[in-house]
Amino acid sequence: MRAMVAMSGGVDSSVAAALMREAGHDVIGVTLKLWSGPGGEAPTAGCCTLSDAEDARRVAAALDIPYYVLDYTEEFREGVVSVFIDDYAHGRTPNPCIECNRTVKFDRLLNGLDELGCDVLVTGHHARVRSGPDGWELHRGADMAKDQSYVLSMLTSPQLGRTRLPVGEMTKTEVRARAAELGLRTAAKAESMEICFVGRGDYRSFLDRHAPSMLRPGPVIDHTGEVLGAHGGVGGFTVGQRRGLGIAAGEPRYVVSIDATTATVVIGRREDLLVRTVELEGLSTVSGRPLSGRVEAQYRAHGAAMPATLGGGLLHFDEPQMAVAPGQTVAFYESDRVLGGAVIAATG
Amino acid sequence: MICDNDRVMIYLDHAATTPMRPGVWEAMAPFAVDRFGNSSGAHEVSRKAKDALEESRERVAACLGARPMEIVFTSGGTEADNLALKGPVTGDRSLGVVTMATEHEAVLETTHFLHRLGHPTHVVGVSRDGGVDPDLVAGSMGPGTAVVSVMTVNNETGVVTDVAAVSAAVKRIDPSVLVHTDAVQAAACESLDVDRLGVDMLSLSGHKFGGPKGAGVLFVREGTRLEPVLHGGGQELGRRSGTHDVAGAVGLATALGMAVEDRSRFRSAVGGIRDDFEKRVMEGVEGVVVNGGAGPRSPHHLNLRIPDVRNQTLLLRLDQSGVAASAGSACQSGAAKVSHVLEAMGLSPDEARECVRFTFGWTTTQDEASEGVATLIDLVGELR
Ligand SMILES: Cc1ncc(COP(=O)(O)O)c(C=O)c1O
């Protein structure tokens, strides 16, 4: 079997490559070049920097596997960055890393496997692929604290059939220990948290360059419409955000909703953030069959799954939930098994 | 055929770099170890190094029809190009540069840099075949133009520019304008007589014709005033400071001598292999276009557009099948990038992403090329 390992330059994908090689497969490593600045420069922060690519290349060399950098900047710009900007423009909370996983890392690479002469795609995600009675299933990773099944919840059974997630069986500690044992230079490398194309958390200068309308000043109001203050642009606000509102109020205030068309930010009290029902779009299921009824729904990468009922394009949580924002992904679970995923279109 | 571990590679990327000619490394080795002297000293050890350096200078000069003092040793083609463009204009912001849109980055980026510093610069477009009209170049000059730089052989397409014609057109308008040519890709195949070319400056790079990497030459016609790019101890008559890389100069001169000697064989033998490769691709793959194929072209470059096949996919598969080729243009990470050369020739970014470059060299055999082209045809069949 010939395996293509998507190597980000992190410890997980490094160990994934090593494990596939140990298992006796033909392995090639690839890094995706997804973004470059105005002058073509590689990002300096996030998950796809030049030094990450260099780490990936060095690990591939140490494992003696061929290594390539593939340019997917066009696909990324269209499939991820423009969606990110569009989400902001609509007052939604963008989720570029999920979008990137879905439209670039998995869609493109899985569709390209045959062309690239490979049988399976391997990544360093902490999640597990298993075969079940209805085809391939996706399960939470062995390390609950590092589980990444949420970001893969849009994958379908046929896609999972061509995917291998070898580190999903390990804890992060085991992965690091393994990397150290193999002498991989990424063994102790810190995880990246930033969005690669924004870099250093600098939303404003990014939006300034790519979506200047997001920086249109507007009012900060409460639910009665009373103007409490002003802001310098809706870009950068997220539902549930508490800091940086520039409002002096007796009790804590939170962003409750964002209306990008009128550049209005609505703030309120903590209880105003509670949401019981959300409207979904883009529902996809692992099995490909319709999904409804009782599920456990997770709407944050590191949140817990909450009991809920799914039906008619709506999701009702048993208990009201805090800071559920349009644009976020919801993953549906039955215990550790992923049933599918969707995007929150609206809250109500 | 290049063997590394147990992998056998058919190497068809000689324009990126080519292996050293036999004997070159051996000629260099003594200057790294026994004859290690600094060529600027006053003792025996130093004199030995100096002798070798000056002898190398004479050999290079002879290959170019130049005088030894007109040869400046540099750290490669990039530095030679930088010196040729920056040297004549540094210190006077009214002076500038005219060059072609298909030049190597060493020339183009230097031109852009000079532009940012406020020097007048102009980049002349090319035809769909990559050809440049000498009168268009000459007509693009302004009152401040001090240097006109046109490359001899394009590194991506192999398109040959009639440098003598450009020089004549330029000098007709203003004989004081300096003409530079980046001849880095030309040394293996073109005769490089500086008087016949009518140039005031000419760049060479050792590793493109069987010499070492990190060694280059700028021919600077006597009487040409240059501000150095590297200031320091005043070596190279003040035109390029820094302790001499004697081994590099010896290697470059040795290889250049061999390349000149081998030139007519190279033109016919390597050219024949390339032509055969090209013919077979044209027969075996539908819709292939040879970029720059209509005009004069070097014998060892072949830049193909294969519609509906993305170059990065094809290059990966070729590598997996043991054939080394390139996209002509790559960024530091190794990812293919859209070629400015092909864009200048009117290709869209999507079309440029369908282009691959095969370049043949002094080691290439007919068998290698036959196997390479068969692999290429098979892969394209599979990818389509
Ligand atoms: C046309 C041309 N000019 C300049 C250079 C740069 O030469 P060097 O690699 O010696 O710096 C190259 C090689 O990459 C080239 O092909």
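Residues numbered from 1 in each chain as written. Chains lettered and ligands numbered in written order. Predicted model: local features only at pLDDT ≥ 70, side-chain atom pairs only at ≥ 80, totals over all residues. Heavy atoms only, no water.

(A) Local environment of the overall build of chain A. What chain A contains, in helices and strands, is seven helices and 17 strands. Expected size for 348 residues packed as a compact globule is a radius of gyration near 20 Å; at 21 Å, chain A falls within 12% of this value. A burial count over chain A gives 53% of its 348 residues as buried. Taking the contacts inside chain A whose residues are at least 6 apart along the sequence as the reference set, 64% of them involve residues at least 24 apart. For chain A, the exposed surface amounts to about 15000 Å²; the carbon and sulfur share of it is 50%. Of the side chains in chain A, 35 bear a positive and 43 a negative charge, and the two mean positions are spaced by 3 Å. (Helix = DSSP H or I, 4+ residues; strand = E, 2+ residues; numbered from the N terminus. Rg over C-alpha atoms; globule rule 2.2 N^0.38 Å. Buried < 20%, exposed > 50% of the residue type's maximum accessible area, 1.4 Å probe, protein only. Contact = heavy atoms within 4.5 Å. Areas by Shrake-Rupley, 256 points an atom, 1.4 Å probe, with all protein chains shown as cover. Lys, Arg positive; Asp, Glu negative; His and termini not counted. Charge placed at Lys NZ, Arg CZ, Asp CG, Glu CD.)

(B) Main features of the state of the cysteines. Per the counting criterion, the structure on display carries zero disulfides over all chains. Left without a disulfide partner, Cys63 of chain B is nearest to the cysteine sulfur of Cys189 of chain B, which lies 14 Å away. (Disulfide = S-S within 2.5 Å.)

(C) Inspection of the pattern of salt bridges at higher detail. Enumeration over the complete set of coordinates arrives at 43 salt bridges over all chains. The shortest N-O distance in the salt bridge between Arg289 of chain A and Asp134 of chain A comes to 2.9 Å. Here Arg289 of chain A is found in the loop between strand S12 (274–285) and strand S13 (293–298), whereas its partner Asp134 of chain A is found in the loop between strand S5 (127–132) and strand S6 (135–140), with 155 residues between them in sequence. In this structure Arg289 of chain A comes out as partly exposed when scored by relative accessible area, which is 46%. Across the pair Arg47 of chain B and Glu44 of chain B runs a salt bridge, and its minimum N-O distance is 3.2 Å. Here Glu44 of chain B and Arg47 of chain B lie together in helix H2 (residues 44–64), a separation of three residues that amounts to about one turn. Classification of Arg47 of chain B by relative accessible area gives partly exposed; the value is 43%. (Salt bridge = Lys/Arg side-chain N within 4 Å of Asp/Glu carboxyl O.)

(D) Structural detail: the interface of chain A and chain B. Counting from both sides, the interface comprises 17 residues of chain A and, opposite them, 16 residues of chain B. Buried surface at the junction of chain A and chain B, both sides included, amounts to about 1500 Å², of which 50% is carbon and sulfur. Looking only at chain A, the three residues that lose the most surface to chain B are Tyr68, Asp71 and Glu115 of chain A, adding up to 34% of its buried area. Counting across the interface, chain A meets chain B through two salt bridges. For Glu74 of chain A, the salt bridge identified is with Arg353 of chain B, shortest N-O distance 3.6 Å. Counting across the interface, chain A meets chain B through eight residue pairs in polar contact (both at pLDDT 80 or more). In the side of chain A that touches chain B, the residues fall into nine nonpolar, one polar and seven charged. (Buried area = accessible area lost by both parts, 1.4 Å probe. Polar contact = N/O pair within 3.5 Å; in protein donor to acceptor, adjacent residues only side chain to side chain. Nonpolar A, V, L, I, M, F, W, Y, C, P; charged D, E, K, R; others polar.)

(E) Quick peek at the packing of helix H3 (residues 77–86) of chain B against helix H4 (residues 105–116) of chain B. Residues and elements named next belong to chain B. Across the interface, H3 lies against H4 with an axial gap of 9 Å and an inter-helix angle of 35°. Between H3 and H4 lies a crossing whose hand is right-handed. On the side of H3, the interface is formed by Thr78, Asp81, Asn82, Leu85 and Lys86, while H4 contributes Ala106, Val107, Thr110, Thr111, Phe113 and Leu114. The residue inventory of the contact of H3 with H4, partitioned by class, reads five nonpolar, four polar and two charged. (Axes fitted to C-alpha atoms, helices over the stretch in contact; angles between N-to-C directions. Left-handed = near helix turned anticlockwise from the far one by under 90°.)

(F) Layout of the packing of aromatic side chains. Counted under the stated rule, the structure contains three aromatic pairs over all chains. Between Tyr299 of chain A and Phe317 of chain A, the ring centres sit 5.6 Å apart and the planes meet at 70°, which makes this aromatic pair edge-to-face. Of this pair, Tyr299 of chain A sits in the loop between S13 and strand S14 (306–311) while Phe317 of chain A is found in strand S15 (residues 314–322), placing the two residues 18 residues apart along the sequence. Comparing Tyr299 of chain A with Phe317 of chain A, the two get one shared label, buried. On the basis of an interplanar angle of 45° and a centroid distance of 5.0 Å, the ring pair of Phe277 of chain B and Phe358 of chain B is categorised as tilted. One end of the pair, Phe277 of chain B, is in helix H9 (residues 263–284); the other, Phe358 of chain B, is in strand S13 (residues 355–359), with 81 residues separating them in the sequence. The class of Phe358 of chain B is buried, set by a relative accessible area of 0%. Through a chain of ring-to-ring contacts, three or more aromatic side chains come together here, namely Phe277, Phe358 and Phe360 of chain B. Cation over ring: Arg140 of chain A sits above Tyr333 of chain A, and NZ or CZ is 3.7 Å from the ring centre. A cation over a ring is seen here: Arg164 of chain A above Trp136 of chain A, with NZ or CZ 6.0 Å from the ring centre. (Phe/Tyr/Trp six-rings, centres within 6.5 Å; stacked < 30°, edge-to-face > 60°. Lys NZ or Arg CZ within 6 Å of the ring centre and 35° of its normal.)

(G) Spotlight on the sheet that holds strand S7 (residues 163–164) of chain A. Taking strand neighbours across the sheet as the criterion, the five strands line up as S3-S2-S1-S4-S7 (chain A) in an open arrangement whose pairing is parallel. The sheet is open, and its two edges are formed by strand S3 (67–71) and S7 of chain A, each paired on a single side. Here helix H10 (residues 311–320) of chain B sits on the sheet and contacts strand S1 (2–6), strand S2 (26–33) and S3 of chain A; the angle it forms with S3 of chain A, its principal contact strand, is near 170°. (Pairing = 2+ DSSP bridges.)

(H) Spotlight on the site of the ligand. All names here are of chain B. Neighbouring the ligand are 13 residues; Gly77, Thr78, Asp182, Ser205 and Lys208 lie closest to it. One of the side-chain nitrogen or oxygen atoms of His104 is found 3.2 Å away from an oxygen atom of the ligand. Within the complex, the protein chains bury 85% of what would otherwise be the 390 Å² of accessible surface of the ligand. Looking at which element gives the most residues to the shell around the ligand, the answer is H3, with three residues. Each residue belonging to the shell around the ligand can be placed in one class, and the counts come to two nonpolar, eight polar and three charged. (Near = heavy atom within 4 Å.)

(I) The side chain of Asp182 of chain B, seen in detail. All names here are of chain B. Position of Asp182 among the secondary structure elements: in strand S7 (residues 178–182). Nearest to the buried, unbridged Asp182 among oppositely charged side chains is Lys208, at 8.7 Å. When near neighbours in sequence (up to four residues on either side) are disregarded, Asp182 contacts Asp81, Glu103, His104, Val107, Val150, Met151, Thr152, Val153 and Ser203.

(J) Quick peek at the pairing of S6 of chain A. Relative to S6 of chain A, S5 of chain A runs antiparallel, the two being bridged by six bridges. If you follow Arg130 of chain A over to S6 of chain A, its bridge partner there is Glu137 of chain A.

(K) Looking closely at the sheet that holds strand S11 (residues 264–268) of chain A. Residues and elements named next belong to chain A. With mixed pairing, four strands are arranged side by side in an open sheet as S9-S8-S11-S10. Because the sheet does not close on itself, it has two edges, and the strands there are strand S9 (227–231) and strand S10 (254–259). Direction aside, neighbouring strands of the sheet carry axes that sit 30° apart on average.

(L) Quick look at helix H6 (residues 172–181) of chain A. Residues and elements named next belong to chain A. Those residues of H6 that sit buried are Lys172, Val175 and Ala179. Down the axis of H6, the sector holding all buried residues measures 55°, keeping them to one side. Structural note: H6 exposes Thr173 and Glu181 on the side pointing more than 90 degrees away from its buried face. Turning to H6, the residues buried within the fold contact helix H1 (11–22). (Arc of directions from axis to C-beta.)

(M) Region of interest: the nonpolar core. Counting residues in hydrophobic clusters, the biggest one holds 60 residues, and the most contacted among them are Val60, Leu64, Ile71, Val148, Leu192, Leu202 and Leu204 of chain B. No other element matches the nine residues that helix H8 (residues 246–261) of chain B contributes to this core. Two domains each put at least three residues into this core: domain 1 (2–20 + 264–383) and domain 2 (24–261) of chain B. Apart from the residues within four sequence positions on either side, Leu64 of chain B is in contact with Ile71, Leu192, Asp193, Val194, Leu202, Leu204 and Phe219 of chain B. Of all hydrophobic cores here, the second largest spans 45 residues; its members include Leu32, Leu109 and Phe206 of chain A together with Leu316 of chain B. (Core = buried A, V, L, I, M, F, W, Y, C linked by side-chain atoms within 4.5 Å. Domains from an automatic or database assignment.)

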